[in-house]
Amino acid sequence: MNAIDLLIEDHERVKDLLTRLTESTERAVKTRTELLSKLEMEVTIHTQLEEQILYPAYKEAGGKEELKMYHEAKEEHRAVDSLVLPDLKATDPGSVQFSGRAKVCKELLEHHIEEEESEMFPQARELFDAKRLEEMGAQMIELRNRLKKEFTAKQAA
């Protein structure tokens, strides 16, 4: 599968989880906890796929504009991974505060997804030929499988 198509599929999964999370109520503590756990896994793995495979190749193949987008995208990942998700995980899923934090998380991730899909991904399709996108897609599938095993093992421990 081509790398861009694979990442767009990830985006769809993340958006679905975010919608289900933000539409849940304070009474749905178990559901919220499960959705948050799935969201964390999806976002963590997706971030690694982009930062280890797509972003470095994109930065190297591109020019000044791509370099700026590369750094902006990495900062958006950092904000979600270091601040927003840990904050959400530390919040009582039965609280109204959780609802607000989940909404902010959804807005940040949707903004990031929109920028990638409307700017970065079309540029990447121009920078890389079909063969290179397929190679990156294969690397991503391999990395995803390894990370999913590690994540699942960590959750079970």
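Residues numbered from 1 in each chain as written. Predicted model: local features only at pLDDT ≥ 70, side-chain atom pairs only at ≥ 80, totals over all residues. Heavy atoms only, no water.

Participant: Looking at this structure, I do not really get the overall build of the chain. What am I missing?
Facilitator: Counting its regular elements, the chain contains 5 helices and 0 strands. Each helix and strand of the chain, placed in order from N terminus to C terminus, yields the pattern α-α-α-α-α. Over its C-alpha atoms the chain spans a radius of gyration of 16 Å, differing by no more than 12% from the 15 Å that the globule rule assigns to 157 residues. Expressed along its principal axes, the backbone C-alpha trace of the chain runs to roughly 50 × 30 × 20 Å. Burial statistics for the chain: of 157 residues in total, 41% are counted as buried. Put simply, of all contacts in the chain between residues at least 6 apart along the chain, 79% involve residues at least 24 apart. For the chain, the exposed area adds up to about 8,600 Å²; of that, 52% sits on carbon and sulfur atoms. (Helix = DSSP H or I, 4+ residues; strand = E, 2+ residues; numbered from the N terminus. Rg over C-alpha atoms; globule rule 2.2 N^0.38 Å. Buried < 20%, exposed > 50% of the residue type's maximum accessible area, 1.4 Å probe, protein only. Contact = heavy atoms within 4.5 Å. Areas by Shrake-Rupley, 256 points an atom, 1.4 Å probe, with all protein chains shown as cover.)

Participant: Is there a simple way to explain the packing of aromatic side chains in this structure?
Facilitator: Geometry of an aromatic ring pair is reported as the spacing of the ring centres plus the angle between the planes. Considering all chains together, one arrives at 1 aromatic pair under this definition. Here tyrosine 55 and tyrosine 70 contribute two aromatic rings whose centre-to-centre distance is 6.2 Å and whose plane-to-plane angle is 70 degrees, an arrangement assigned as edge-to-face. With tyrosine 55 in helix α2 (residues 29-61) and tyrosine 70 in helix α3 (residues 64-89), this pair connects stretches of sequence that are 15 residues apart. Assigned by exposure class, tyrosine 55 and tyrosine 70 land together as buried. (Phe/Tyr/Trp six-rings, centres within 6.5 Å; stacked < 30°, edge-to-face > 60°.)

Participant: Help me understand the nonpolar core in this model?
Facilitator: Within soluble globular proteins, side chains that are nonpolar generally end up buried alongside one another. Among the nonpolar cores identified, the biggest contains 25 residues, and Leu7, Leu49, Leu54, Met120, Phe128, Met136 and Met140 are the most heavily contacted of them. At the level of elements, α1 (3-23), α2, α3, α4 (96-127) and α5 (130-156) are the ones that each hand at least two residues to this core. Ranked by the residues each element gives to this core, the list is headed by α2, at 8 residues. Aside from chain neighbours lying at most four places away, what touches phenylalanine 128 is Leu54, Ala57, Tyr58, Ala61, Leu133 and Met136. Core analysis: the next-biggest nonpolar cluster, separate from the first, contains 17 residues, Leu36, Leu39, Leu85 and Cys105 among them. (Core = buried A, V, L, I, M, F, W, Y, C linked by side-chain atoms within 4.5 Å.)

Participant: How should I be thinking about the packing of α2 against α5 in this particular structure?
Facilitator: Two quantities define a packed helix pair, namely the angle between the helix axes and the distance between the axes. Between α2 and α5, the shortest axis-to-axis distance is 9 Å and the interhelical angle comes to 145 degrees. Where α2 crosses over α5, the handedness of that crossing is right-handed. Residues Ser37, Glu40, Met41, Glu42, Thr44, Ile45, Gln48, Leu49, Gln52, Ile53, Leu54 and Ala57 of α2 pack against Arg132, Met136, Gln139, Met140, Leu143, Arg144, Leu147, Lys148, Phe151 and Gln155 of α5. Broken down by class, the residue content of the contact of α2 with α5 amounts to 11 nonpolar, 6 polar and 5 charged. (Axes fitted to C-alpha atoms, helices over the stretch in contact; angles between N-to-C directions. Left-handed = near helix turned anticlockwise from the far one by under 90°. Nonpolar A, V, L, I, M, F, W, Y, C, P; charged D, E, K, R; others polar.)

Participant: Could you clarify how one ought to interpret empty space enclosed by the protein in this entry?
Facilitator: Empty space left among the atoms is revealed by rolling a probe the size of a water molecule over them. Inspection of every chain in the model, using the stated rule, returns 2 cavities of 30 Å³ or more. Estimated volume of the largest cavity: approximately 80 Å³. At the level of elements, α1, α2, α3 and α4 are the ones that each hand at least two residues to the lining of the largest cavity. Empty space within the second largest cavity amounts to approximately 50 Å³. Along its surface, the second largest cavity is lined by Met69, Glu72, Ala73, Glu76, His112, Glu115, Glu116 and Met120. Residue classes in the lining of the second largest cavity are distributed as 3 nonpolar, 1 polar and 4 charged. (1 Å grid on protein atoms, 1.4 Å probe; cavity = no way out; pocket = protein on both sides within 12 Å on 5 of 7 lines; lining within 4 Å. Points joined across faces, edges and corners; volume = space filled by probe spheres on them.)

Participant: Just to check I follow, could you spell out the UniProt feature "domain: Hemerythrin-like" (unreviewed entry) in the chain for this structure?
Facilitator: With numbering aligned to this structure, UniProt lists the feature "domain: Hemerythrin-like" (unreviewed entry) at residues 3-124. When the span residues 3-124 is considered, its composition is 89% helix and 0% strand, and the gap between its end C-alpha atoms is 10 Å. (UniProt positions renumbered as here; feature names shortened; annotations may be inferred.)

Participant: In this structure, what is going on with the environment of threonine 31? I would like to understand it.
Facilitator: Mapped onto the elements, threonine 31 comes out in helix α2. Since its relative accessible area comes to 38%, threonine 31 is described here as partly exposed. Residues threonine 31 and proline 93 lie 62 residues apart in sequence; the distance between their C-alpha atoms is 9.1 Å.

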